[in-house]
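Each chain is listed here by its residues.
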Amino acid sequence: MSATVEGHPQSSAPVQAAYSYCEAVTGQQARNFAYGIRLLPAEKRQAMSALYAFSRRVDDIGDGTLAPEVKRERLEATRALLDRIRAGEVEEDDTDPVAVALADSARRFPIPLDGLDELIDGVLMDVHGATFETWDDLKVYCRCVAGAIGRLSLGVFGTAPGAQGADRAPEYADTLGLALQLTNILRDVREDAENGRTYLPADDLAKFGCGEGFGGEAPPAGADFDGLVHFEVRRARALFAEGYRLLPMLDRRSGACVAAMAGIYRRLLDRIERDPGAVLRGRVSLPGREKAYVAVRGLSGLDTRHIARRTVRRRA
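Throughout this description, residue numbers start from 1 for each chain and increase along the sequence as written. For a predicted model such as this one, the threshold for reporting local features is a pLDDT of at least 70, and the threshold for listing and counting side-chain atom pairs is 80 or more; totals across whole chains, interfaces and linings nevertheless cover every residue. Side-chain numbers here rest on the full set of heavy atoms in the structure, without hydrogens or water.

How should I be thinking about the pattern of salt bridges in this particular structure?
Where charged atoms from two side chains of opposite charge approach closely, those side chains can pair. Any Lys or Arg side-chain nitrogen located within 4 Å of an Asp or Glu carboxyl oxygen qualifies as a salt bridge. Summed over all chains, the structure comprises 30 salt bridges. Across the pair Arg-235 and Glu-232 runs a salt bridge, and its minimum N-O distance is 3.1 Å. With Arg-235 and Glu-232 both in helix α11 (residues 225–243) and three residues apart, this pair spans about one turn of that helix. Classification of residues uses two cut-offs on accessible area relative to the type maximum, computed with a 1.4 Å probe and protein chains only: under 20% is buried, over 50% is exposed, and between them is partly exposed. Taking relative accessible area as the criterion, Arg-235 reaches 19% and is therefore assigned buried. Residue classification places Glu-232 among the buried positions, given a relative accessible area of 0%. Between Asp-275 and Arg-281 there is a salt bridge, and its shortest N-O distance comes to 2.4 Å. With relative accessibility at 31%, the residue Asp-275 sits in the partly exposed group. One connected set of salt bridges, linked through shared partners, spans Glu-76, Arg-79, Asp-83, Arg-86, Asp-114, Asp-117 and Asp-121. A run of H or I in DSSP counts as a helix once it spans at least four residues, and a run of E counts as a strand once it spans at least two, with each numbered from the N terminus.

Okay, here's the thing in structure tokens:
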């Protein structure tokens with residue numbers, strides 16, 4: 001009888017090697033994400049690493065220096081690879097370790113792979129130079145590049161047996177993805193401006209006198225940059241509050257993973273709120289000890305219990 005991992009047959013050596021590659025990519029390129037998924041059991045951690053490695057490939061194409069037509073070709077080639085994975089045509093001896101790992105994960109978990117099509121669509125929006133006039137416009141983009149990742153992750157996590165309101169779990173996962181993406185947009189506003197990109201809605205920028213963009217360490221003359229940041233922080237906090245309703249629907253370790261990742265971003269949001277100008281001076285980040293505290297807090301279930309009690313009060 002073959003060994004099993006959480007009820008599934010143990011992966012072959014080529015598949016384990018593929019997962020090891022994906023975990024190395026995740027550890028090197030996504031420290032906040034890697035901090036959260038280390039709280040998961042091995043099989044789920046591997047699947048999340050496979051999702052990250054594929055998503056990273058898509059993002060790297062969009063963020064690279066290739067000509068737009070070459071980016072479009074490579075993104076469509078990546079979509080064709082996704083079609084092969086979806087059709088079960090990737091064998092374990094395939095030369096692409098990311099494809100091998102993701103194909104194995106899709107066999108083990110009900111991952112909605114269409115979410116990766118949405119990610120590709122979102123990156124194509126970047127390639128085409130999409131701009132966002134309103135928050136509703138930006139939400140469409142955020143749902144592609146981040147909300148879809150939330151729903152893909154939920155395919156790995158699953159919901160706990162008997163969880164109340166579990167039919168809304170994909171909605172909450174999507175909303176939590178939006179909260180994380182808006183936090184990213186605030187953190188990276190200067191870096192994005194240097195790359196010729198502006199993600200904050202044009203009507204918000206105009207409202208606070210920031211329509212000229214962010215080309216330096218100081219906001220445009222006469223702009224209420226602090227007011228703009230505080231406005232977007234409030235929006236992000238509302239998204240976090242709604243998305244956090246996912247936590248009581250997850251098992252303990254999946255909930256700890258989500259609480260850790262979301263907790264790190266909420267603390268980034270706190271730092272940005274305290275000193276809005278910091279995002280123009282450099283990249284705002286958390287020290288390792290603070291991330292460790294957030295991970296321990298997530299594993300303890302404090303956030304999950306708090307959200308569960310608040311949800312019960314709302315229903316009462």
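Can you walk me through the side chain of Asp-204 in this structure?
You can see Asp-204 is positioned in helix α10 (residues 202–207). Accessibility expressed as a relative area gives 3% for Asp-204, which makes it buried. Not counting residues within four places of it along the chain, the set of residues in contact with Asp-204 comprises Leu-228, Phe-231, Glu-232 and Arg-235. Contacts are residue-level and defined by heavy atoms, with any inter-residue pair within 4.5 Å sufficient.

These results come straight from atomic positions and should not be treated as a statement about function.
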